[in-house]
Amino acid sequence: MEILSQMWSFLGLLTVLQNVLPSQLLSLLHSLYESLLDFFTPYSYFDVPEFNGYCNVDVNELYRHVNLYLNSLSNHPSAANCRRLTLSCSSSSKRISFTVAPNHTVTDLFNGHSLSWTHHVETVQDSLEEKRSFSLKLPKRHRHALLSPYLDHLTSRALDFERVSRERRLFTNNNGSGWASVPFRHPSTFETLALEPQLKQQIMGDLTAFSNGRDFYQRVGRAWKRGYLLYGPPGSGKSSLIAAMANYLCYDVYDLELTNVSDNSELRPLLIQTTNRSIIVIEDIDCSVDLTADRQRKPVKRSSRSQEKSVDGGDDNGRVTLSGLLNFTDGLWSCCGEERIIVFTTNFRDNVDPALVRCGRMDLHISLGACGAHAFKSLVMNYLGVESHRLFDVADSCIRSGGGLTPAQIGEMLLRNRNDADVAIKAVISAMQAKILGGDRDPVEGYWESEDAVRTPEIKERGLTKSPEKWESSPENYGGKKRPSSEKKVKLLVRLRSLTKSESGRRGV
C-alpha cells in the first residue's frame, strides 16, 4: 500500500509540474529523456509513413513496398511470430493477402540478423482519418551495413511479388481512344503447350535471361527489349505461345491492331502508354496494313544509301507507314520504357518486309508447324489424360513419314472424342494416314489443305550462333526422318493400317 501511495504521489507531482513549468522546458526535458533512451538502447528505429509531407497527397512508395514485402512473407516462418494478421481478398485477384494488424509486430531475418516491423495506426484527433506508418527496428551496431542492402532486398522482393500477384490485363487499341483492357486469364502455359521439349526449354531459357537482364542491357547500352517473330500455318499455336509467354513472365499483353491506327503520329502515343513488363503483339503483320507501298512508289534505280533511307524514312501520308512501324519497334521512342517484348506473327514469313525482321528488331525467329511425337503425346495427355497408348508407335511412324498435323487439328479431333481415348487416337491416326496420301481435305472440317500450307517452313541452319536466331518446331529437327517419296507412301499406308487392325484384333478393340 505504501508503494502505491508513493506512485500516486509521484504522478500527482508530475501533473503539477506539467501545468506549472513552461512548454519549452517540458520539450527540452522530453528530448533529454529520448536521448538517454537512444544512448542506452541497442536498437535503431526507422519510421516509414504512408504519405510524404503533411498534406497526405504524395504517397510514400517505400510504405507500399514494405506492405507488399510483408505480404510476400505470408508463407515464411517469421509470419507465424505475429499474433494478429489482417486477411483480405480483392475482386481483381484470387490471392488472399495479409497485412500486419494495427500496433502489432512481425519479425524478419536478413544476413543472419533479426529485424522487426511494427504497424502503427493512430487516429487523428477530431477526425475520422487514420495516420499509418511502419517502424523498422534493427541492431544499432550494424545499421550502416544492414539498412541500405536490406531496403534494396525489400524493394526487389516487393516488386517481384506485385508482378506475380496482381491481375494481368489484355489491352487493345480503339479508334483514336487509346488502350482499353480486360482481365487476361488465358490458361495456356508451357506445361500445356504442344511444343518439342528442346524448343520449349530454349524459349523458356531465353525469356528468363531477358527478364533478369537489367544490368546486362545497361552495361552494353541497349534498350531493354526483345523481339520475337512467330511464323507458321494457321493453328500451329502462335497465339497460345504468346499467352504462355505472358503467363510465364507475368506480363501484360498489348494487342496492337494496326488497322485501327490512322497514321504514324497516333502510333507513337500508343507506344508511350504501354507499361513496363509487357508484351506488345502485332498479329498477321503481313496482312494488317500495306507496309510495302513505300517501296513500290520509289524509283527502282538508286544508290544503296537512298534505298536504306526510303525503307527507314518514308513519308507519312495519313496512314501507318513502314517507317513509322520501324520507329515503333526499334527507333528512339522504343526505349521510352523497359522490359518489353515485341512479337510479330505471320502465316508466311516470306511475305514480311525484310526491314522488319532484320537483326536488332526481331531477335528470334520461331517456326511453328506440325506436331512432333512429343508434342502429340503432350496433347493426348492434356485432352485425354493418357500417358501411354499402344497406338503411339503408329502415330510416331505417321509423323516421321510426313503425316504430322497442327496442334489445332489434333486438338479438335481429341476434343470431339475425348470420352473414348481409343477412338480419339484412331481418328488422329486416320487423318495422318490420309495426309500421307496427299489428300485435299481438312481432317476437322471435312476438307484437306494443301501439304505446302501445313508443312513447317524449312530452315537449314538452327542454333544460337547467328542472329536473328531461327528455331523450328518441325518434327524433322527432333529425331525425325526425311519424307518418303510418293511411290513409297501407299505401301507405308497399307502397312500402318495393317498394324492398326492387328493391334485392334489382338486386344479386342
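Residues numbered from 1 in each chain as written. Predicted model: local features only at pLDDT ≥ 70, side-chain atom pairs only at ≥ 80, totals over all residues. Heavy atoms only, no water.

Q: Got a minute to help me understand the confidence of the model for the chain in this structure?
A: Low pLDDT means the predicted atomic positions in that stretch should not be read closely. Residues at a pLDDT of 70 or more form 74% of the chain, whose mean pLDDT is 78. Within the model, the stretch residues 445-467 combines pLDDT values under 50 with 59 contacts to residues more than four positions away or in other chains. The model gives residues 478-484 a pLDDT under 50, and that stretch makes 17 contacts with residues more than four places away or in other chains. (pLDDT = per-residue confidence, 0-100. Contact = heavy atoms within 4.5 Å.)

Q: Would you mind showing me how to read a nonpolar patch on the surface here?
A: Together, Ile 3, Leu 4, Met 7, Trp 8, Leu 11 and Leu 14 make up a nonpolar patch on the protein surface, roughly 670 Å² of accessible area in all. The topology assignment puts Leu 11 in helix α1 (residues 2-20). Given a relative accessible area of 44%, Leu 11 falls into the partly exposed group. (Patch = residues over 30% accessible without salt bridge, like charges linked within 9 Å, V, L, I, M, F, W, Y side chains within 5 Å. Areas by Shrake-Rupley, 256 points an atom, 1.4 Å probe, with all protein chains shown as cover. Salt bridge = Lys/Arg side-chain N within 4 Å of Asp/Glu carboxyl O. Helix = DSSP H or I, 4+ residues; strand = E, 2+ residues; numbered from the N terminus. Buried < 20%, exposed > 50% of the residue type's maximum accessible area, 1.4 Å probe, protein only.)

Q: I'm lost on the packing of helix α13 (residues 373-384) against helix α15 (residues 407-416) in this one. Help?
A: Between α13 and α15, whose axes approach to 10 Å, the crossing angle comes to 35°. When you trace α13 past α15, the crossing you get is right-handed. Along its contact with α13, which presents Phe 376, Leu 379, Val 380, Tyr 383 and Leu 384, the element α15 presents Pro 407, Ile 410, Gly 411, Leu 414 and Leu 415. Classifying every residue of the contact of α13 with α15 by side-chain character gives 9 nonpolar, 1 polar and no charged. (Axes fitted to C-alpha atoms, helices over the stretch in contact; angles between N-to-C directions. Left-handed = near helix turned anticlockwise from the far one by under 90°. Nonpolar A, V, L, I, M, F, W, Y, C, P; charged D, E, K, R; others polar.)

Q: Please clarify how the packing of helix α5 (residues 197-211) against helix α7 (residues 238-249) should be interpreted in this entry.
A: Packing of α5 against α7 brings their axes to within 11 Å, and their N-to-C directions diverge by 45°. Judged by the angle between their axes, α5 and α7 are oblique. Judged by the twist between their axes, the crossing of α5 over α7 is right-handed. Residues Ile 203, Met 204, Leu 207, Thr 208 and Ser 211 of α5 lie in contact with α7, whose contacting residues are Leu 241, Met 245, Tyr 248 and Leu 249. Residue composition of the contact of α5 with α7, grouped by class: 7 nonpolar, 2 polar and no charged. (Parallel < 35°, antiparallel > 145°, perpendicular 65-115°, else oblique.)

Q: Explain the sheet that holds strand β8 (residues 130-139) here, please?
A: Two orientations exist for strands paired in a sheet by backbone hydrogen bonds: parallel and antiparallel. The strand order across the open sheet built from 4 strands is β1-β8-β7-β6, with neighbouring strands paired in antiparallel fashion. Here the strands that pair on one side only, and so sit at the sheet edges, are β1 (43-49) and β6 (105-110). Each neighbouring strand pair of the sheet contributes to a mean axis angle of 25°, computed without reference to strand direction. In this sheet, β8 lies alongside strand β7 (residues 113-123) in antiparallel orientation, the contact comprising 8 bridges. Pairing of Thr 123 across the sheet is with Glu 130, part of β8. Its contacts with the sheet put helix α3 (residues 61-72) on β1, β6, β7 and β8, and the angle it makes with β8 is roughly 70°. Here helix α4 (residues 143-165) sits on the sheet and contacts β1, β6, β7 and β8; the angle it forms with β8, its principal contact strand, is near 130°. (Pairing = 2+ DSSP bridges.)

Q: Explain α13 here, please?
A: The periodicity of an α-helix, 3.6 residues per turn, causes residues three or four positions apart to be oriented the same way. Compared with the 16 Å implied by 1.5 Å per residue over 12 residues, the 16 Å span of α13 between its first and last C-alpha is a close match. The complete set of buried residues in α13 reads Ala 373, Ala 375, Phe 376, Ser 378, Leu 379, Val 380 and Leu 384. Trailing α13 by a residue or two, Gly 385 shows a phi angle of about 70°, which is positive. (Expected span 1.5 Å × (residues − 1).)

Q: Please clarify how the pattern of salt bridges should be interpreted in this entry.
A: Side chains carrying opposite charge are able to pair once their charged atoms draw close together. In total, this model carries 14 salt bridges according to the counting rule given. Glu 167 is the salt-bridge partner of Arg 169, the closest N and O atoms lying 3.3 Å from each other. A salt bridge links Arg 226 to Asp 363; the shortest N-O distance between them is 3.9 Å. Linking Arg 226 in strand β11 (residues 225-231) with Asp 363 in the loop between β14 (340-346) and β15 (364-367), this pair joins segments that are 137 residues apart in sequence. Taking the relative accessible area as the measure of exposure, Arg 226 reaches 14% and is therefore buried. Each of Asp 206, Arg 222, Arg 226 and Asp 363 takes part in salt bridges that share partners, so that together they form one network.

Q: I'm lost on unusual backbone geometry in this one. Help?
A: Outside of glycine, negative phi angles account for most residues, and trans bonds account for most peptide bonds. Positioned with a positive phi, Asn 111 is a non-glycine residue whose angle comes to about 55°. When you line up the elements, Asn 111 lands in the loop between β6 and β7. In this structure, Asp 284 takes a positive phi of about 50° despite not being glycine. Tracing the chain through its elements places Asp 284 in the loop between β13 (278-282) and α9 (285-288).

Q: Looking at this model, I keep getting lost on the packing of aromatic side chains. Mind explaining?
A: This model, assessed by the stated rule, comprises 12 aromatic pairs. Ring geometry for Trp 117 and Tyr 150: centres 6.4 Å apart, planes at 25°, overall stacked. Of the two residues, Trp 117 is situated in strand β7 and Tyr 150 in helix α4; the sequence distance between them amounts to 33 residues. With respect to burial, Trp 117 and Tyr 150 carry one shared label: buried. By the ring-pair criterion, three or more aromatic residues cluster together here, those being Tyr 63, Tyr 69, Phe 110, Trp 117, Phe 134 and Tyr 150. Positioned over the ring face of Tyr 43 is Lys 137, at 4.5 Å from the centre of the ring. One residue, Arg 349, lies across the ring of Tyr 231, its end atom 5.8 Å from the ring centre. (Phe/Tyr/Trp six-rings, centres within 6.5 Å; stacked < 30°, edge-to-face > 60°. Lys NZ or Arg CZ within 6 Å of the ring centre and 35° of its normal.)

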